[in-house]
Amino acid sequence: MGKLTVWLDEPDWQEQVEEAFKQGVSVSLIAPPDDARGDLKSAMLSLAVEPMQLRFLPVYSVLEGVQTYPQGFAVGLQLRKTVQ
């Protein structure tokens, strides 16, 4: 499984994350250091609370880990499927 890097300050970051998950790719979501805390927290809460519809399954992202880079903070995300 590959990994896609998505920048949180891009206006379509959520669509990029969803498209990556549809392709079976995990995501590294990166936020610049100046606005990482608040924006990254909001993004993580949004992804954790609202499932994405992947074909017929609702899916939630799972936090793999957090890393610090000179460009900011990166959060690793992968899918968790749920049966309803």
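For the structure itself, look to the data block above.
For the structure given in this document, a descriptive report is provided here. It should be emphasised that the depicted structure is a prediction, and the values quoted were computed from it without experimental measurement. (Residues numbered from 1 in each chain as written. Predicted model: local features only at pLDDT ≥ 70, side-chain atom pairs only at ≥ 80, totals over all residues. Heavy atoms only, no water.)

1. Here's the deal with the nonpolar core
Phase 1: Residues Leu8, Trp13, Val17, Val27, Leu29, Leu47 and Leu77 are the most contacted members of the largest nonpolar core, which totals 19 residues.
Phase 2: Counting only elements with at least two residues in this core, the list comes to helix H1 (13–22), strand S2 (26–31), helix H2 (36–49), strand S3 (52–54) and strand S5 (72–81).
Phase 3: Look past the residues within four positions of Leu47 in its chain and what remains in contact with it is Trp13, Gln14, Val17, Leu29, Met52, Tyr60, Ser61 and Leu77. (Core = buried A, V, L, I, M, F, W, Y, C linked by side-chain atoms within 4.5 Å. Buried < 20%, exposed > 50% of the residue type's maximum accessible area, 1.4 Å probe, protein only. Helix = DSSP H or I, 4+ residues; strand = E, 2+ residues; numbered from the N terminus. Contact = heavy atoms within 4.5 Å.)

2. Observations concerning the pairing of strand S4 (residues 57–69)
Phase 1: Pairing of S3 with S4 involves three bridges; the strand directions are antiparallel. Among the inter-strand pairings, Gln53 is bridged to a residue of S4, identified as Pro58.
Phase 2: Adjacent in sequence and paired antiparallel, S3 and S4 are bridged by two residues, among which Arg55 carries a positive phi angle near 60°. (Pairing = 2+ DSSP bridges.)

3. Some details on H1
The periodicity of an α-helix, 3.6 residues per turn, causes residues three or four positions apart to be oriented the same way.
Phase 1: Where H1 is concerned, the buried positions are Trp13, Val17, Ala20 and Phe21. Seen along its axis, H1 keeps its buried residues to an arc of 100°; they face one direction.
Phase 2: A positive phi of about 75° marks Gly24, the residue just after H1. (Arc of directions from axis to C-beta.)

4. Quick word on the pattern of salt bridges
Phase 1: Following the criterion strictly, the structure yields two salt bridges and no others.
Phase 2: In this structure, the salt-bridge partner of Glu64 is Lys3, at a minimum N-O distance of 3.2 Å. Pair noted here: Glu64 is in strand S4 and Lys3 is in strand S1 (residues 3–7), with a separation of 61 residues, a long-range link.
Phase 3: One salt bridge in this structure joins Glu18 and Lys22, with 3.8 Å as the shortest N-O distance. With Glu18 and Lys22 both in helix H1 and four residues apart, the pair spans about one turn of that helix.
Phase 4: Owing to a relative accessible area of 28%, Glu18 belongs among the partly exposed residues under this scheme.
Phase 5: Accessibility expressed as a relative area gives 41% for Lys22, which makes it partly exposed. (Salt bridge = Lys/Arg side-chain N within 4 Å of Asp/Glu carboxyl O.)

5. Some remarks on the environment of Leu47
Phase 1: You can see Leu47 is positioned in helix H2.
Phase 2: We classify Leu47 as buried; its relative accessible area is 1%.
Phase 3: Distance from Leu47 to Val75, taken between C-alpha atoms, is 12 Å for residues 28 residues apart in sequence.

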